[in-house]
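Chain by chain, the residues:
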Amino acid sequence: MHIRRALIVDTESVYELIDMYAVQGQLLHRTRQSIYEHLQCFYVAVDDVKRIMGVASLHILDRDLAEIRSLVVLPGMALKGIGRALVDALVKEATILGIPRVIALTYQDGFFEKCGFVKINKETLSQKIWKDCLHCSKYNNCDEIAMQIMV
Ligand SMILES: CC(C)(COP(=O)(O)OP(=O)(O)OC[C@H]1O[C@@H](n2cnc3c(N)ncnc32)[C@H](O)[C@@H]1OP(=O)(O)O)[C@@H](O)C(=O)NCCC(=O)NCCS
């Protein structure tokens, strides 16, 4: 398994993988168009036969802040280190870009803690973060946990 940047040919696999969990309400839905427009933000985990096992994206929110979004691992491939490898790749990307702080809004706080993140007060986050949340049915009632890592 290795991590690489997403390519345009990966779009359908990325879309299907995110959708699988989005329909269960575990993360925000992404349209194919949104994946095209943000393709440069996406990384994928690929196995030896080039099958996509996981996906995640890093979105720059501000001069000193980036967010991990759309992190999913193929059902059946959980707990094999794929999620952590994707998070590590995104954190490394933030470091290369000179962005000191990476956040995630998640229900998987235990997983992010294993990746070195700590819980923070959601209310302290800048309004820029809530842009995507406008499309979420839980907007007024968000129960996701805010996590951050300083890189
Ligand atoms: C959350 C998710 C990305 C984790 O990926 P994964 O490949 O299964 O995780 P890893 O194997 O890399 O796990 C790394 C560590 O976190 C732990 N871990 C994984 N999932 C966990 C969870 N839900 N709760 C607590 N710990 C967890 C692992 O046991 C491992 O610990 P270790 O270092 O002691 O061995 C994956 O389960 C998933 O796709 N979930 C559904 C979609 C989702 O909720 N995405 C998050 C949106 S922010």
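The name given to the chain in an unreviewed UniProt entry is N-acetyltransferase, with Paenibacillus artemisiicola as the source organism.

Asker: Give me the sheet that holds strand β4 (residues 65–73): which residues, what numbers.
Answerer: With respect to topology, seven strands assemble into an open sheet ordered β1-β2-β3-β4-β5-β7-β6, the strand pairing being mixed. This sheet does not close on itself; its edge strands, each paired only once, are β1 (2–5) and β6 (118–119). As defined by bridge partners, β1 adjoins strand β2 (residues 42–46) across four bridges and the pair is classed as antiparallel. Considered in β2, the bridge of I3 is made with A45. Across the sheet, helix α1 (residues 11–22) touches β2, β3 (52–62) and β4, and the angle it forms with β3 is around 85°. Here helix α3 (residues 82–97) sits on the sheet in contact with β1, β2, β3, β4, β5 (101–106) and β7 (145–150), set at roughly 30° to β3.

Asker: Tell me what's going on with the pattern of salt bridges, and back it up with residues and numbers.
Answerer: In total, this model carries seven salt bridges according to the counting rule given. Of the charged contacts, one joins R4 and D10 as a salt bridge, the two residues approaching to 2.7 Å between their closest N and O atoms. As a salt-bridge pair, K119 and E113 come within 3.8 Å of each other at their nearest N and O atoms. Shared partners join several salt bridges into a network, and the residues in it are D109, E113 and K119.

Asker: Requested: an account of a nonpolar patch on the surface, with residues and values cited.
Answerer: On the surface, L7, I8, V9 and Y36 cluster together to form a nonpolar patch covering roughly 420 Å² of accessible area. Along the chain, the position of I8 falls in the loop between β1 and α1. The class of I8 is exposed, set by a relative accessible area of 53%.

Asker: Go over unusual backbone geometry, please, and point to the residues and values.
Answerer: A positive phi is found at K50, a non-glycine position, where the angle reads about 65°. Structurally, the position occupied by K50 is in the loop between β2 and β3. On the basis of relative accessible area, K50 is assigned to the exposed category, the value being 72%. The residue L79 is not glycine, and still its phi comes out positive at about 65°. Among the secondary structure elements, L79 is positioned in the loop between β4 and α3. Residue L79 is classed as exposed on the basis of its relative accessible area of 89%.

Asker: Go over the pairing of β2 with me, naming the residues and quoting the values.
Answerer: Most of β2 is tucked away: five of the five residues are buried. Residues of β2 alternate between two faces, with F42, V44 and V46 on one and Y43 and A45 on the opposite face, all of them buried. Here β2 pairs with β3 via five bridges, running antiparallel. Each residue of the ladder has a partner; that of V44, found in β3, is V55. The antiparallel hairpin formed by β2 and β3 contains five residues in its connecting segment, where K50 sits at a positive phi of about 65°.

Asker: An account of the site of the ligand is requested, with residue identities and associated values reported.
Answerer: Around the ligand sit 19 residues, and of these L71, L79, G81, R84 and Q108 come closest. Within the backbone of G81, an N or O atom sits 2.7 Å from an oxygen atom of the ligand. Take G83: an N or O atom from its main chain is 2.8 Å from an oxygen atom of the ligand. In isolation the ligand offers 920 Å² of accessible surface; the protein chains occlude 75% of this area. Counting only elements with at least two residues in the shell around the ligand, the list comes to β4, α3, β5 and α4 (109–114). Among the elements that line the shell around the ligand, the one with the most residues is α4, at four residues. Within the shell around the ligand, the residues separate by chemical class into ten nonpolar, six polar and three charged.

Analysis parameters
Residues numbered from 1 in each chain as written. Predicted model: local features only at pLDDT ≥ 70, side-chain atom pairs only at ≥ 80, totals over all residues. Heavy atoms only, no water. Pairing = 2+ DSSP bridges. Helix = DSSP H or I, 4+ residues; strand = E, 2+ residues; numbered from the N terminus. Contact = heavy atoms within 4.5 Å. Axes fitted to C-alpha atoms, helices over the stretch in contact; angles between N-to-C directions. Salt bridge = Lys/Arg side-chain N within 4 Å of Asp/Glu carboxyl O. Patch = residues over 30% accessible without salt bridge, like charges linked within 9 Å, V, L, I, M, F, W, Y side chains within 5 Å. Areas by Shrake-Rupley, 256 points an atom, 1.4 Å probe, with all protein chains shown as cover. Buried < 20%, exposed > 50% of the residue type's maximum accessible area, 1.4 Å probe, protein only. Near = heavy atom within 4 Å. Polar contact = N/O pair within 3.5 Å; in protein donor to acceptor, adjacent residues only side chain to side chain. Nonpolar A, V, L, I, M, F, W, Y, C, P; charged D, E, K, R; others polar.

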